[in-house]
Amino acid sequence: MDSFDAGAGGLLRQPKAVWATAGASVVAFMGIGLVDPILPSIAQGLHATASQVSLLFTSYFLITAVAMLLTGFVSSRIGGRKTLLLGLAFVVVFAGLAGTSGSVGQLVGFRAGWGLGNALFVSTALAVIVGAAAGGSAAAILLYESALGLGMACGPLLGAVLGNVSWRYPFFGTATLMAIGFLCITAFLKEQPRPARKTSVLDPLKALGHGGLASAAVSAFFYNYTFFTVLAFTPFVLDMTPYRSGAVFFAWGVLLAVFSVIVAPRMQARFGSLKVLGGSLVLLAADVLVLGYGDHTTAVVCTILSGAFIGVNNTVYTELALGVSDAPRPVASAGYNFVRWFAAAAAPFFAPKIEEWTDIHIPFVVAAVTAVLGALVVLVRRRALTREAAELEPAHATEDGVTVFAN
């Protein structure tokens, strides 16, 4: 039995509180890709353009980025359990309201409120799972990453199934599932110990003063632009029914999950984190370039294949962000996410605009360039991205033989 299998065995022996939080995490991550298969349907239903509908991602991630500065401030004062419940409550309310929208403006505004709730929940869920889990932090973090991958895979599928009836139903479905998560956490999760020191709103920004963390954040910024060009703009290029689009992004999400949880740690063990990250970014750049210039079948294949590179990148970037500096993990994560989520907000806005200004190929050329820029930052700043002059090989930390990583 290898190390991964050993860790996975302990993964299943968790208290109800951990399963409740992990289950809610799956739904929270589903919300990111939920609207993918129904973007064309929303545009048609609300008589909107692609660039207007893409603001659903922009408003969501813009608020998420800013909220990253607040999550540690809030959770260190009211506790992890209350922060989770507050985030879930926001999602339930605003996801439900999104389903009632009568215009794109309303829908974009409700998605912004949803983004605030998701930031509060997702940023706190990992710490809560680690604090409540049995079998060490490695198994807990593996469970969290599994929830992320499952959510990213199932979000488009749920969006397709419900969206085939009406574009409004995926929003109502998410609100219902998150309400169930709220009840489960209320019933099964006890309040976690609060940190000895309260976190300031400025602490994540101060943490970015560390050259290694700042380098990881800047590189991830460029990478996230590529990532969310694929996620938010490709559905318009594929121009498929909700079912077909949902199937494509389900396959994409499955690859993302497998490569994030299983493949990336093993590649790091063999080649080292920075080499894996640089190579994966270059391959992602090539993939999106072919996606932009290929025929429809090629675009479908490249969209699915991008999930593999994105899964690898997500794992390695998170390890770098959490391990390259001496800042506490929640603070380092907040600073890193504050920078990178701005690109997730920018890409859905600029990609359709660039298409309007030029043609349908150029947004993917830009996405390929940003992926290469991310790799160049890794290359140029490789010394800053290592700690104590030793590259993260196989990873920054291990426990019970399982690579430790987190989002």
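Residues numbered from 1 in each chain as written. Predicted model: local features only at pLDDT ≥ 70, side-chain atom pairs only at ≥ 80, totals over all residues. Heavy atoms only, no water.

Peer 1: Any chance you could explain the overall build of the protein here in plain terms?
Peer 2: Counting secondary structure elements, the protein contains 16 helices and 2 strands. The buried share among the 407 residues of the protein stands at 57%. Nonlocal contacts in the protein, meaning residues at least 24 apart in sequence, comprise 87% of its contacts between residues at least 6 apart. As displayed, the protein offers around 15200 Å² of accessible surface, 68% of which is attributable to carbon and sulfur atoms. (Helix = DSSP H or I, 4+ residues; strand = E, 2+ residues; numbered from the N terminus. Buried < 20%, exposed > 50% of the residue type's maximum accessible area, 1.4 Å probe, protein only. Contact = heavy atoms within 4.5 Å. Areas by Shrake-Rupley, 256 points an atom, 1.4 Å probe, with all protein chains shown as cover.)

Peer 1: Would you explain the packing of helix H2 (residues 16–33) against helix H9 (residues 169–188) in this entry?
Peer 2: For any two helices packed against each other, one specifies the crossing angle of their axes together with the interaxial distance. Two elements in contact, H2 and H9, have axes whose closest approach is 9 Å; the angle formed by their N-to-C orientations is 160°. In terms of orientation, H2 lies roughly antiparallel with respect to H9. For the element pair H2 and H9, the recorded crossing hand is left-handed. Where H2 abuts H9, its residues Lys16, Ala17, Ala20, Thr21, Ala24, Val27, Ala28 and Met30 lie against Thr174, Leu177, Met178, Gly181, Cys184, Ile185 and Phe188. Class assignment for the residues of the contact of H2 with H9 results in 11 nonpolar, 3 polar and 1 charged. (Axes fitted to C-alpha atoms, helices over the stretch in contact; angles between N-to-C directions. Parallel < 35°, antiparallel > 145°, perpendicular 65-115°, else oblique. Left-handed = near helix turned anticlockwise from the far one by under 90°. Nonpolar A, V, L, I, M, F, W, Y, C, P; charged D, E, K, R; others polar.)

Peer 1: Would you mind going over the nonpolar core with me for this structure?
Peer 2: Nonpolar side chains tend toward joint burial in soluble globular proteins. With 118 residues, the main nonpolar core has Ile42, Phe61, Phe121, Phe171, Ile185, Phe228 and Trp252 as its most contacted residues. With 14 residues, the single largest contributor to this core is helix H11 (residues 211–238). Leave out the neighbours within four places in its chain, and Phe121 touches Thr21, Ala24, Ser25, Ala28, Leu84, Gly87, Leu88 and Ile185. (Core = buried A, V, L, I, M, F, W, Y, C linked by side-chain atoms within 4.5 Å.)

Peer 1: For this particular structure, what's the right way to read helix H15 (residues 329–357)?
Peer 2: A rise of 1.5 Å per residue sets the reference length of H15, with its 29 residues, at 42 Å; its end C-alpha atoms lie 42 Å apart and thus fit the reference within 8%. Along H15, the sharpest change in direction is near 30° and occurs at Ala347; proline Pro348 comes one to four residues later. (Expected span 1.5 Å × (residues − 1). Bend = angle between axes of the 7 residues up to and from the residue.)

Peer 1: Before we go on, may I ask you to explain a nonpolar patch on the surface in this structure?
Peer 2: On the surface, Leu157, Val161, Tyr243, Phe250, Val254 and Val258 cluster together into a nonpolar patch covering about 450 Å² of accessible area. Listing elements by their share of the nonpolar patch, those giving two or more residues are helix H8 (137–163) and helix H12 (242–271). It is H12 that provides the largest number of residues to the nonpolar patch, a total of 4 residues. Locating Val254 in the fold gives a position in helix H12. A relative accessible area of 34% means that Val254 is categorised as partly exposed. (Patch = residues over 30% accessible without salt bridge, like charges linked within 9 Å, V, L, I, M, F, W, Y side chains within 5 Å. Salt bridge = Lys/Arg side-chain N within 4 Å of Asp/Glu carboxyl O.)

Peer 1: I'm lost on the environment of Gly102 in this one. Help?
Peer 2: Counting through the fold element by element, Gly102 comes out in the loop between helix H6 (80–98) and helix H7 (104–132). The spacing of Gly102 and Leu46 is 56 residues in sequence and 7.2 Å in space, taken between C-alpha atoms.

Peer 1: Sorry if this is basic, but what is going on with the packing of H11 against H12 here?
Peer 2: The interhelical angle for the contact between H11 and H12, taken along N-to-C directions, is 155°, at an axis separation of 11 Å. By the angle class used here, H11 and H12 are roughly antiparallel. When the axes of H11 and H12 are compared, the crossing they make is right-handed. Contacts between H11 and H12 pair Phe227, Val230, Leu231, Thr234, Pro235 and Leu238 from the former with Val248, Phe249 and Trp252 from the latter. Across the contact of H11 with H12, the residue classes tally to 8 nonpolar, 1 polar and no charged.

Peer 1: Looking at this structure, I do not really get the side chain of Thr58. What am I missing?
Peer 2: Mapped onto the elements of the fold, Thr58 is located in helix H5 (residues 55–78). Given a relative accessible area of 13%, Thr58 falls into the buried group. Separated by 3.5 Å, the side chain of Thr58 and the backbone nitrogen of Phe349 make a polar contact. Contact partners of Thr58, with chain neighbours within four places excluded, come to Ala345, Pro348 and Phe349. (Polar contact = N/O pair within 3.5 Å; in protein donor to acceptor, adjacent residues only side chain to side chain.)

Peer 1: Mind showing me how you'd approach the environment of Ala371 here?
Peer 2: Mapped onto the elements, Ala371 comes out in helix H16 (residues 362–380). Residue Ala371 is classed as buried on the basis of its relative accessible area of 0%. In this structure the C-alpha to C-alpha distance between Ala371 and Phe222, which are 149 residues apart in sequence, comes to 6.0 Å. Those residues in contact with Ala371, other than ones at most four positions away along the chain, are Phe222, Thr226, Leu281 and Ala285.

Peer 1: Would you mind showing me how to read the environment of Val316 here?
Peer 2: On the secondary structure map, Val316 appears in helix H14 (residues 296–323). Judged by relative accessible area, which is 1%, Val316 ranks as buried. Put simply, Val316 and Val276 are 40 residues apart on the chain and 8.1 Å apart in space, counted from C-alpha to C-alpha.

Peer 1: Is there a simple way to think about H12 in this case?
Peer 2: Quick reminder: α-helices carry 3.6 residues per turn. Residues three or four places apart thus point the same way. Within H12, the axis deviates most sharply at Val263, by approximately 45°, and proline Pro265 lies no more than four positions further along. Just past H12, the residue Gly272 takes up positive phi, approximately 95°.

Peer 1: How do you make sense of unusual backbone geometry when you look at a structure like this?
Peer 2: Even without a glycine there, the phi angle at His47 is positive, about 55°. The residue His47 is located in the loop between helix H3 (39–45) and helix H4 (50–53) in this model.

Peer 1: Please explain the side chain of Thr64 as it appears in this structure.
Peer 2: Mapped onto the fold, Thr64 is located in helix H5. A distance of 3.4 Å separates a polar side-chain atom of Thr64 from the backbone oxygen of Gly115. If sequence neighbours within four positions are ignored, Thr64 has contacts with Gly115, Ala119 and Trp341.

That is the geometry; function is a separate question.
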